[in-house]
Amino acid sequence: MRLLEGQNRILETLAKGAPLDRVAQTFVLVMEDLFAETCCAFLVLDHDATRLHLSAAPSLAPPLRRTLEDLDLACNGDPSITAVLRREPILIEDSTVDPRWADARAAMRQTGFCACLAQPILDAGGAAVGAVTLFFRDPQTLDTMDSGTIDTLVPAARIAIERERRAQDLATADERLLSLAENIPGVVYQRVVTPDGDIRYTYISEGAYELFGVPAEEIIADPRALFDCHGPEYSHDFRKRLLQASREMTQWDVEASIITRQGEQKWTHAIARPRRKADGTIVWNGIILDATRIKMANMELAAASRAKSEFLANMSHELRTPLNAIIGFSEMMLGVGSGIDAEKYCDYLNAIHSSGKHLLEIINDVLDLAKVEAGKMVLSEELCDLRQVVSSCTRLVVANAEENRIALESDLPADLPPLRADVRKLKQILINLLSNAVKFTAAGGTIRISARVESDGHLALSIADNGEGIPAESLRDVLSPFKQADSGLDRRFDGIGLGLPLSKAMAELHDGTLDIESKLGVGTTVTVHLPAERLETDPLLQIATRRAS
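Let me begin by describing the structure that accompanies this report. (Residues numbered from 1 in each chain as written. Predicted model: local features only at pLDDT ≥ 70, side-chain atom pairs only at ≥ 80, totals over all residues. Heavy atoms only, no water.)

A few points about the overall build of the protein
For the protein, the count of helices and strands is 16 helices and 18 strands. When the 549 residues of the protein are sorted by exposure, 42% land in the buried category. Looking at the protein alone, contacts between residues at least 24 apart form 60% of all its contacts between residues at least 6 apart. In the form shown here, the protein has an accessible surface area of approximately 29,500 Å², with 52% of it arising from carbon and sulfur atoms. (Helix = DSSP H or I, 4+ residues; strand = E, 2+ residues; numbered from the N terminus. Buried < 20%, exposed > 50% of the residue type's maximum accessible area, 1.4 Å probe, protein only. Contact = heavy atoms within 4.5 Å. Areas by Shrake-Rupley, 256 points an atom, 1.4 Å probe, with all protein chains shown as cover.)

And the structure:
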């Protein structure tokens, strides 16, 4: 009767969902009640099966309790360890004569115990999961011991340990899954669609705030907080498409443009798979990825492809025009022969020469840019007088400027220090910028060339015009190779769009930068900034450079 009552006490504690330590405490008290003059210890084997940990031993004196608190199975210094390793009961009949486990026997004698029984707790597969150890005041033998009582109660101990292990495994799995969901790039979510068409989120990871700018708990409370981030073209038929996918049980694979709560535009890519529950509810487990970088890269690739097509079309036009002129004029000269007058002959030769030079300029620009992009262009540096360099460049464009009634003004201080640079490339930069300014400035306009040493010591060389200006949306394009603010085949100006990108690249070869400020209808200012280290401050070298110029 007492055994049944004790067993019921243990099972009731288990049924209430009590933690392992409380079940172990109840188990130990029942054992001590059933076995007079005994103390009991409940030990649990860890997951790695390397150590036994004391779970409950309320009546044990401290010296004996300490020997059981953390037992290393590799040491085999206690009968409880031996019972676990052998998976069979181990009995010390009399600690005064048994030669084994000296430390355990010494602690037993110190606390008034003579005998000890270690009973392994085995799972359904026969593997040890713990041990129950009883300490007796008097000597014991297997014949005199009530092993039936122990055998009746030990299965309850096994159930308690296995339940605790399952709970720990489940908690570990939950923790691992939660960690994965919270740290994986993007948003992990679970969404349900009920048979009556209700849509809600049962879980969404904290990544929702990073991607959408909306807290996860707000989305769970009202999914519209997430839907509102999508554009109208997406939201318009989202519900219809989701309900259709839920009916057809097809994978959800959708790319969408969003505006975050903070006003940032992004692209998302959502992938989810459906699962139907018994009540007809569709559960969607999925992930939303930030596809902005991929989308932008694809858009840039598409833009580059368009730019290449435009470049090839423009290049074809730019090459055909002078080639047709060369062929046409040369054919005329060949056809007319000696009958052509000298003046007309010279005109034809000049046209052929001009067309050939234009072709050479185009080819040189393409080759120069290819060298820069391949990292094979090197500088041949020398000290130069910037005023002299600017003067030689303006002489090359002054005729074209005067023909179009455009004034060229210069503001170059007489005390500008000599500049260490590749003179040919510096001239190429200036000629490109001056030619552009002349090309895009209307008759009666003004182009102003200025230079100054800034407060931090660097040189700023500017070319400003009051021409038509560049649209704000085209400022980025004009610095990209083969792109122009006016890039169609019906554009008003010739050229292949390499002048500014090449000038920028050459400025950067000099450790400088090239900046553009422009306003439509007002004009454009292009400034080349060169570092202070390129300006010569030695007075003797300054004098020598001016004399050489």
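After that view of the structure, there is still more to cover.
As for the sheet that holds strand β1 (residues 38-45)
Spatial strand order, β3-β2-β1-β6-β5-β4: six strands in an open sheet with antiparallel pairing. With one partner strand each, in any of the chains shown, β3 (70-72) and β4 (90-92) form the two edges of the open sheet. Between one strand and the next, the sheet's axes are offset by a mean angle of 25 degrees, whatever the strand orientation. (Pairing = 2+ DSSP bridges. Axes fitted to C-alpha atoms, helices over the stretch in contact; angles between N-to-C directions.)

Section: the packing of helix α14 (residues 423-439) against helix α15 (residues 499-509)
One can describe the packing of α14 onto α15 by two numbers: an axis separation of 9 Å at closest approach and a directional angle of 150 degrees. Classified by the interaxial angle, the pair formed by α14 and α15 is roughly antiparallel. Crossing hand, α14 versus α15: left-handed. Across the interface between the two elements, Lys425, Gln428, Ile429, Asn432, Leu433 and Asn436 from α14 touch Gly499, Leu500, Leu502, Ser503, Met506 and Ala507 from α15. (Parallel < 35°, antiparallel > 145°, perpendicular 65-115°, else oblique. Left-handed = near helix turned anticlockwise from the far one by under 90°.)

A look at the packing of aromatic side chains
To describe a pair of aromatic rings, you give the distance between the ring centres and the angle between the ring planes. Within this structure, the stated rule accounts for eight aromatic pairs. Taken together, a centroid distance of 6.5 Å and an interplanar angle of 70 degrees make the contact between Trp252 and Trp284 edge-to-face. Linking Trp252 in strand β9 (residues 252-259) with Trp284 in strand β11 (residues 282-290), this pair joins segments that are 32 residues apart in sequence. Across this residue pair, the class does not change: Trp252 and Trp284 are buried. Within the aromatic cluster, the residues linked to one another by ring pairs are Tyr189, Tyr201, Phe227, Phe238, Trp252 and Trp284. (Phe/Tyr/Trp six-rings, centres within 6.5 Å; stacked < 30°, edge-to-face > 60°.)

Some points on the sheet that holds strand β10 (residues 265-276)
With antiparallel pairing, five strands are arranged side by side in an open sheet as β8-β7-β11-β10-β9. In this open sheet, the two edge strands, each paired with only one partner strand, are β8 (199-204) and β9. Here the average twist between neighbouring strands, direction ignored, is 30 degrees. Where strand β7 (residues 187-193) and β8 come together, five bridges link them in antiparallel fashion. By the bridge assignment for β8, Tyr189 is matched with Ile204.

So, helix α5 (residues 102-110)
Of the residues making up α5, those classed as buried are Ala104, Arg105, Ala107 and Met108. Buried residues in α5, looked at end-on, bunch into an arc of 160 degrees, giving them a common side. Away from its buried face, by an angle of more than 90 degrees, α5 presents the exposed residues Asp103 and Gln110. Elements that come into contact with the buried residues of α5 comprise α3 (62-68), α4 (79-86), β4, β5 (115-122) and β6 (128-136). (Arc of directions from axis to C-beta.)

A short note on the pattern of salt bridges
Within this structure, the stated rule accounts for 18 salt bridges. The partner of Asp98 in a salt bridge is Arg100, with the nearest N and O atoms 2.9 Å apart. Look at Asp98 and you get buried, because its relative accessible area is 11%. One network of salt bridges, in which partners are shared, links Arg51, Asp70 and Asp72. (Salt bridge = Lys/Arg side-chain N within 4 Å of Asp/Glu carboxyl O.)

A few points about unusual backbone geometry
One non-glycine residue, Trp101, lies in the positive phi region at around 50 degrees. Looking at where Trp101 falls in the secondary structure, it is placed in the loop between β4 and α5. Backbone geometry places Met249, a non-glycine residue, at a positive phi of 55 degrees. Tracing the chain through its elements places Met249 in the loop between α10 (232-248) and β9.

Considerations on the environment of Leu117
When you line up the elements, Leu117 lands in strand β5. Given the relative accessible area of 3%, Leu117 is considered buried. Separated by 27 residues in sequence, Leu117 and Ile90 place their C-alpha atoms 5.8 Å apart. In contact with Leu117, other than residues within four places in its own chain, are Pro89, Ile90, Leu91, Val132, Thr133, Leu134, Phe136, Met145 and Ile150.

Comments concerning the packing of helix α1 (residues 2-15) against helix α2 (residues 20-34)
As a packed pair, α1 and α2 sit with axes 9 Å apart at the nearest point and diverge in direction by 175 degrees. When the axes of α1 and α2 are compared, the pair comes out roughly antiparallel. Along its contact with α1, which presents Arg2, Leu3, Gly6, Arg9, Ile10, Thr13 and Leu14, the element α2 presents Arg22, Val23, Thr26, Phe27, Leu29, Val30, Asp33 and Leu34. A breakdown of the residues in the contact of α1 with α2 according to their chemical character gives eight nonpolar, three polar and four charged. (Nonpolar A, V, L, I, M, F, W, Y, C, P; charged D, E, K, R; others polar.)

Side note on the pairing of strand β2 (residues 51-56)
Across four bridges, β1 lies against β2 in antiparallel orientation. By the bridge assignment, Leu45 is partnered in β2 with Leu52. Connecting the antiparallel pair β1 and β2 is a turn made up of five residues, with Ala49 showing a positive phi of about 55 degrees. Across three bridges, β2 lies against β3 in antiparallel orientation. Counted as the bridge partner of Arg51 is Asp72 from β3.

Concerning α14
Taking 1.5 Å per residue, 17 residues should reach 24 Å; α14 reaches 24 Å between its end C-alpha atoms and fits that length. Those residues of α14 not exposed but buried are Val423, Lys425, Leu426, Gln428, Ile429, Leu430, Asn432, Leu433, Leu434, Ala437 and Val438. The distance from a side-chain oxygen at the start of α14 to the backbone nitrogen of Arg424 is 3.2 Å, and the residue carrying that oxygen is Asp422. (Expected span 1.5 Å × (residues − 1). Polar contact = N/O pair within 3.5 Å; in protein donor to acceptor, adjacent residues only side chain to side chain.)

Keep in mind that these numbers describe shape and distance, not what the molecule does.
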